[in-house]
Amino acid sequence: MAVRFDIITIFPGMFSSVVSESIVGRAVKSGLVEINRVDLRDFTEDKHRSVDDRPYGGGPGMVFKPEPVFDAVENVLGEVGSSAEPGIRKIILTPQGRRLDQPLMRELSGESRIVLLCGHYEGFDHRIVEGLGFEEVSIGDYVLSGGELPAMVLIDGVVRLLPGALGHPESSEQESFENGVLDFPQYTRPPEYRGMKVPEVLLSGNHAEIEQWRHERALERTRASRGDLLEKLELQETGQELDNT
Ligand code: SAM
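Parameters at a glance
- Residues numbered from 1 in each chain as written.
- Predicted model: local features only at pLDDT ≥ 70, side-chain atom pairs only at ≥ 80, totals over all residues.
- Heavy atoms only, no water.
- Helix = DSSP H or I, 4+ residues; strand = E, 2+ residues; numbered from the N terminus.
- Buried < 20%, exposed > 50% of the residue type's maximum accessible area, 1.4 Å probe, protein only.
- Areas by Shrake-Rupley, 256 points an atom, 1.4 Å probe, with all protein chains shown as cover.
- Patch = residues over 30% accessible without salt bridge, like charges linked within 9 Å, V, L, I, M, F, W, Y side chains within 5 Å.
- Salt bridge = Lys/Arg side-chain N within 4 Å of Asp/Glu carboxyl O.
- Near = heavy atom within 4 Å.
- Polar contact = N/O pair within 3.5 Å; in protein donor to acceptor, adjacent residues only side chain to side chain.
- Contact = heavy atoms within 4.5 Å.
- Core = buried A, V, L, I, M, F, W, Y, C linked by side-chain atoms within 4.5 Å.

Attention shifts here to the overall build of the protein. Each helix and strand counted, the protein has 9 helices and 9 strands in total. Principal axes of the C-alpha set define a box for the protein whose edges measure 70 × 45 × 35 Å. Buried positions account for 41% of the 245 residues belonging to the protein. Accessible area of the protein: about 14,600 Å², with a carbon and sulfur share of 50%.

Structure follows, in structure tokens:
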């Protein structure tokens with residue numbers, strides 16, 4: 001199923017490499033993905049094409065004004081509605097949002113249209129957040145200069161989950177976070193490099209043993225650096241057991 005992204009931004013040029021290179025570029029070329037960049041400054045009326053103004057109450061920095069943002073969103077969607085429309089996800093990228101993770105990426109990969117609103121400066125006039133009914137999404141607990149890189153992260157993560165986007169469809173199913181754990185270590189040729197050997201089991205051709213080895217290494221890695229993921233997994237499994245009784 002094809003997905004359309006509408007990106008509302010003051011830096012549409014930042015997306016040029018993402019739409020033309022690598023997996024997203026290939027998906028665009030093959031028609032699996034459509035990316036529509038909307039320049040927020042096209043919805044301004046003054047000669048400086050200003051999209052921002054000083055914050056009420058004082059303080060440093062500037063804030064996105066509501067008028068150009070509402071006009072741009074209305075132009076893209078036809079109307080501004082806070083109600084959920086099937087197949088359309090409307091997202092504001094902001095550090096205050098729900099954390100973007102693999103389950104959310106999967107959820108979004110089932111939509112047919114995703115509208116992304118990228119902020120800048122100190123962020124948005126809060127009437128934009130309240131009045132547009134967009135959901136707020138953050139890519140992590142840090143502050144970037146704008147929503148463009150977060151939007152690119154989201155697009156890349158969603159596109160690689162679309163059937164047909166990757167050379168091997170199972171690639172995305174075996175990756176970190178898909179089964180609640182991190183990916184196992186991978187090796188390729190040569191079998192020995194600078195005294196470091198590829199684990200014997202991977203050269204054995206015994207698929208059951210290889211699977212077992214990979215499973216154990218994935219758990220080991222997850223335990224070492226992301227104990228929180230294992231705790232979540234254990235809780236889910238306990239919940240399932242309770243449900244089944
Ligand atoms: N004043 C805001 C705060 O303290 O939360 C930060 C604004 S930031 C400098 C400008 C814009 O970058 C935000 O409006 C948002 O669109 C984007 N942004 C920055 N960090 C982000 C993150 N972690 N996730 C998603 N968007 C982010």
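Attention now goes to a nonpolar patch on the surface. Together, Phe11, Met14, Tyr142, Leu144 and Leu149 make up a nonpolar patch on the protein surface, roughly 450 Å² of accessible area in all. By the element assignment, Leu144 lies in the loop between β7 (135-138) and α6 (148-159).

Looking now at the site of the ligand. Taken together, 21 residues sit near the ligand, with Leu93, Gln96, Gly119, Glu122 and Tyr142 positioned nearest. In this structure, Tyr142 approaches the ligand through a main-chain N or O atom, which is 2.9 Å from a nitrogen atom. One of the backbone nitrogen or oxygen atoms of Gly146 is found 3.4 Å away from an oxygen atom of the ligand. Looking at the shell around the ligand, the elements that each hand over two or more residues are β5 (88-99) and β7. Residue contributions to the shell around the ligand peak at 4 residues, all from β5.

Here we come to the environment of Gly123. Tracing the backbone shows Gly123 in the loop between β6 (113-118) and α5 (126-132). The exposure class assigned to Gly123 is buried, which follows from its relative accessible area of 15%. Taking the C-alpha atoms as reference points, Gly123 and Gly146, separated by 23 residues in sequence, lie 8.5 Å from one another. With sequence-adjacent residues up to four places away left out, Gly123 is seen in contact with Met62, Val63 and Phe64.

Of all hydrophobic cores here, the largest spans 31 residues; its most connected members are Phe5, Leu116 and Ile155. At the level of secondary structure, the elements contributing two or more residues to this core comprise β1 (3-9), α1 (16-20), α2 (22-29), β2 (33-39), β5, α4 (102-108), β6 and α6. The leading source of residues in this core is α6, at 6 residues. Residues contacting Phe5, with those up to four places away along its chain left out, are Val33, Glu34, Ile35, Asn36, Ile114, Leu116, Leu154, Ile155, Val158 and Val159. Formed by 21 residues, the second largest nonpolar core is a distinct cluster that contains Val76, Val115, Val129 and Leu132.

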